[in-house]
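An overview of the molecular structure
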Amino acid sequence: MATLEDYRNERLRKLKEIEDLGINPYPSKANRTVKISEITDNFDEFNEKEVSIVGRISAIRSFGKLVFVKVKDYFGEVQLFMKAEGEEPSKGFLSAKQVKLLDVGDFVEAHGTVGKSQTGEISVFTNEIKLLTKTLRPLPGRDGFTNKEERYRRRYVDMNVNPEVRERLVRRSKFWQATREYMNSHGFTEINIPVLEHTTGGADATPFETHINAYDEDLYLRISHELPLKRLLGGGFEKVYDIGPRFRNEGVDDEHLPEHVAFEAYSAYENYEDGMDFYEDMIKYVAKETWGTLQFHVGGFDIDLDQKWPRIKYADLLREKYDVDVFNPDIDQLYGILKKAGVEVKPGLSAARLIDHVWKLIRQTSGGPYWLVEEPLALSPLAKKSEENPLITERFHPIIAGTEMGNGFSELNDPQDQLARFKEQQAQRDAGDDEAQMLDMDFVEMLEYGMPPACGWGNSERNFWLLEGVPGREAVPFPLMREIK
């Protein structure tokens, strides 16, 4: 049975023979006058016309003096119809007799006349092929390339063998394009903010650490876009957003990747009720533009986004499901609930962190869509207190198919209140909670200069993974894998 080394050696032999013919197997330029899909979708327009196409060989068949070569580009696939008899090929081209030097996977260019074969298949009739790239490794068959680890490590192979992976990445691109379209059409300005930070914040997450040699200082990779964007509000902007990567040094599972693309936006002179209306419309718009529907079946839930989403209070939900009083929590009760559910948590966690773990038990069984509102103050260090009840915040989460598909709130702009909450978070961090937020005095100083009331919102590409119905690593081009040593 032939091995990969055998196939590679055979292709190296062909490569040498091609070079001996005076042909460059890796030329720098290709000539294309038309995409393959334009020919196949508009045959009558191109029939009997001269064209130049490029692409990758997907099949080669020889029948006596006839040779059929299937070529596909990003847009489609077409057949080359070649005869072994005829004029000598142009300089740098291979004749039908020399097609044996080509292999499936090679990139080629062909000039010829559009027509149909005797079997009625749309074809480009030509007697010569130009080699653009000689491949040295054969692409595996679809059935032979199903191992997830192999697929993730050689994603470039995966995209060729499993074209649905490439199509998914196109939808991912549409997802973010639709997000930008929606925001830009509503008067927002996209401003890219730094990834490297001296103090990182805006989320409960463990940051990655790095070092800048020029300053001989340790830095963090951002865990959130939040604090720099709110500094822009303090600088006079009214509607800003950013889309880009963020980094969280946490576990890898179906809903979490250490590096992923996220979106955050801030709008001055608005509050969380304005935000719920605005971002409910945005999620619907993006879903429609990306998938063409507002109905989904994901995670065992049938989801219909095409409705007015109800609003459910955080405290009411925990009282109804577990008889938990979020304003007077019983630590032993919370540990008992989590233990019974099989959730392992380390001792000494704060009541706020335990409540959050209990809430996640509820979230996992929630189909939605609904808005979770009025999260307790202890769980929302950056959200504004409710004027009616200082124990809760003006915060909102959309709950869809067992996950939080975003996070928004009326932004805290009282510098003294913010400082007090930062100090509380820093104390939790000093006590061993690596996900608690850091004390950011520069941000407090910005608030002292003044930031207008505002509504903030953020969501990550986890929204795309969810509605696409795949785990995170299936929905990104090159998922991070443990290095093989």
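This structure is a prediction, so every number in the text was calculated from the model and none was measured.

Digging into the environment of Phe422
As for its placement among the helices and strands, Phe422 is situated in helix α12 (residues 415-430). For Phe422, a relative accessible area of 0% puts it in the buried group. Each C-alpha atom, one on Phe422 and one on Val78, is 62 Å from the other, the two residues being 344 residues apart in sequence. If we ignore the near neighbours within four places in the chain, the residues touching Phe422 are Leu382, Gln437, Met438, Leu439, Asp440, Phe443 and Val444.

A closer look at empty space enclosed by the protein
Within the structure shown, the criterion is met by one cavity of 30 Å³ or more. Put simply, the largest cavity is a space of about 80 Å³. For the lining of the largest cavity, the secondary-structure elements that each account for two or more residues are α6 (163-185), α8 (272-291) and α14 (462-468). For the lining of the largest cavity, the element with the most residues is α8, which contributes five residues. Taken together, the residues of the lining of the largest cavity sort by class into nine nonpolar, three polar and no charged.

Let's talk about the layout of surface pockets
In this structure, the second largest pocket spans a volume of roughly 490 Å³. Lining of the second largest pocket is provided by 19 residues; of these, Leu4, Arg137, Pro138, Pro140 and Val157 occupy positions nearest its centre. Within the residue set of the lining of the second largest pocket, elements represented by two or more residues are α1 (4-20) and α5 (155-161). Split by residue class, the lining of the second largest pocket holds 10 nonpolar, four polar and five charged.

Re the packing of aromatic side chains
In this structure the tally under the stated criterion is 21 aromatic pairs. Where Tyr279 meets Trp457, the ring centres are 4.8 Å apart and the plane angle is 10°; that geometry is what we call stacked. On the criterion of sequence distance, the pair formed by Tyr279 in helix α8 and Trp457 in strand β21 (residues 454-460) is long-range, its members being 178 residues apart. Neither residue differs from the other here; Tyr279 and Trp457 are each classed as buried. Summarising the aromatic geometry, the rings of Trp291 and Phe464 are spaced 5.5 Å apart at their centres and angled 20° between planes, so their arrangement reads as stacked. In this pair, Trp291 is assigned in helix α8 and Phe464 in helix α14, connecting sequence segments 173 residues apart. Of the residues examined, Phe464 reaches a relative accessible area of 0% and is grouped as buried. Over the face of the ring belonging to Phe75 we find Lys35, whose NZ or CZ atom lies 4.4 Å from the ring centre. Lys116 extends its terminal NZ or CZ atom over the ring of Phe43, reaching a point 4.8 Å from the ring centre.

Brief notes about the pairing of strand β6 (residues 122-125)
Where strand β3 (residues 77-83) lies against β6, three bridges are found, and the strand directions are parallel. For Leu80, the partnering residue across the bridge sits in β6 and is Val124. Of the pairings in the sheet, the one linking strand β5 (residues 107-116) to β6 comprises four bridges and is antiparallel in character. Looking at the pairing, Lys116 lines up with Ile122 of β6. Linking two consecutive strands that pair antiparallel, namely β5 and β6, is a turn of five residues; a positive phi of about 90° is found at Gly120 within it.

Here's the deal with the environment of Pro228
Inspection of the secondary structure puts Pro228 in helix α7 (residues 226-234). Pro228 has contacts with Ile193 and Glu197, leaving out every residue within four places of it along the chain.

Digging into unusual backbone geometry
The amide bond that connects Gly368 to the next residue, Pro369, takes the cis arrangement and shows omega of 5°. Within the fold, Pro369 resides in the loop between α11 (351-363) and β17 (370-373). The phi angle at Glu48 is positive, at roughly 70°, despite the residue not being glycine. Inspection of the secondary structure assignment puts Glu48 in the loop between α3 (43-46) and β1 (50-63). We note that Ala401 has phi near 55°; this positive angle belongs to a residue other than glycine. Inspection of the secondary structure assignment puts Ala401 in the loop between β18 (395-400) and β19 (403-404).

Calculation notes
Residues numbered from 1 in each chain as written. Predicted model: local features only at pLDDT ≥ 70, side-chain atom pairs only at ≥ 80, totals over all residues. Heavy atoms only, no water. Helix = DSSP H or I, 4+ residues; strand = E, 2+ residues; numbered from the N terminus. Buried < 20%, exposed > 50% of the residue type's maximum accessible area, 1.4 Å probe, protein only. Contact = heavy atoms within 4.5 Å. 1 Å grid on protein atoms, 1.4 Å probe; cavity = no way out; pocket = protein on both sides within 12 Å on 5 of 7 lines; lining within 4 Å. Points joined across faces, edges and corners; volume = space filled by probe spheres on them. Nonpolar A, V, L, I, M, F, W, Y, C, P; charged D, E, K, R; others polar. Phe/Tyr/Trp six-rings, centres within 6.5 Å; stacked < 30°, edge-to-face > 60°. Lys NZ or Arg CZ within 6 Å of the ring centre and 35° of its normal. Pairing = 2+ DSSP bridges.

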